[in-house]
Amino acid sequence: MELFFLFLVMAMIVEGLVEYAKTVIAMQDKKAAVIQLSALSVSVLLCLLSGADVLAPLGVTFRVPHAGEILTGVFASRGANYASDLIGKLNAAGSGRSETQPKP
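Treat the numbers as computed from the prediction; the structure is a model and nothing was measured. (Residues numbered from 1 in each chain as written. Predicted model: local features only at pLDDT ≥ 70, side-chain atom pairs only at ≥ 80, totals over all residues. Heavy atoms only, no water.)

> Explain the nonpolar core to me, using residue names and the numbers behind them.
In terms of nonpolar packing, the biggest core is built from 12 residues, these being Leu-6, Val-9, Ile-13, Tyr-20, Leu-40, Val-44, Leu-55, Leu-58, Val-60, Leu-71, Val-74 and Phe-75. Secondary structure elements with two or more residues in this core: helix 1 (2-26), helix 2 (30-50) and helix 3 (67-94). The element contributing the most residues to this core is helix 1, with 4 residues. For Leu-55, the residues in contact, after removing those within four places along its chain, are Leu-6, Val-9, Met-10, Ile-13, Val-60, Phe-62, Leu-71 and Thr-72. (Core = buried A, V, L, I, M, F, W, Y, C linked by side-chain atoms within 4.5 Å. Buried < 20%, exposed > 50% of the residue type's maximum accessible area, 1.4 Å probe, protein only. Helix = DSSP H or I, 4+ residues; strand = E, 2+ residues; numbered from the N terminus. Contact = heavy atoms within 4.5 Å.)

> Quick one: what's the story with the environment of Thr-72, residue by residue and with numbers?
By secondary structure assignment, the location of Thr-72 is in helix 3. Ignoring any residue separated from it by four or fewer positions in sequence, one finds Thr-72 in contact with Cys-47, Ala-52, Asp-53, Val-54 and Leu-55.

> I'd like a description of a nonpolar patch on the surface, backed by residues and values.
Together, Phe-4, Phe-7 and Leu-8 give the surface a local cluster of nonpolar side chains, amounting to about 320 Å² of exposed area. Mapped onto the elements, Phe-7 comes out in helix 1. (Patch = residues over 30% accessible without salt bridge, like charges linked within 9 Å, V, L, I, M, F, W, Y side chains within 5 Å. Areas by Shrake-Rupley, 256 points an atom, 1.4 Å probe, with all protein chains shown as cover. Salt bridge = Lys/Arg side-chain N within 4 Å of Asp/Glu carboxyl O.)

> How would you sum up the pattern of salt bridges? Please name residues and give values.
Taken as a whole, this structure holds 2 salt bridges when the rule is applied. The residue Arg-78 makes a salt bridge to Glu-15 at a minimum N-O spacing of 3.1 Å. Of this pair, Arg-78 sits in helix 3 while Glu-15 sits in helix 1; the two residues are 63 residues apart in sequence, bridging distant segments of the chain. Residue Lys-22 pairs with Glu-19 through a salt bridge whose shortest N-O separation is 3.1 Å. Of the two residues, Lys-22 and Glu-19 both sit in helix 1, 3 residues apart, roughly one turn of that helix. Classification of Lys-22 as partly exposed rests on a relative accessible area of 47%.

Encoded structure:
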């Protein structure tokens, strides 16, 4: 089970890094880029300040100091996006309308 969790965490970290890179390279929607990079910055800062590292308990260590905390920040910032999407869908389901329908 621990290996499965490690796989999921690493997959989300890689996906997050790729998505942020695509956003920065494209820079078509500057507002979205600023929002995403702000979420990433705040998340990484919070993980550095708190010492949060989800990889250390899974036995993953890095030679670079604080790399686990930085990657945990990437993981957390992508998780915030997924949580926001989930909350939006739950709110839409609770109000009896689809997420694509306009608000009254």
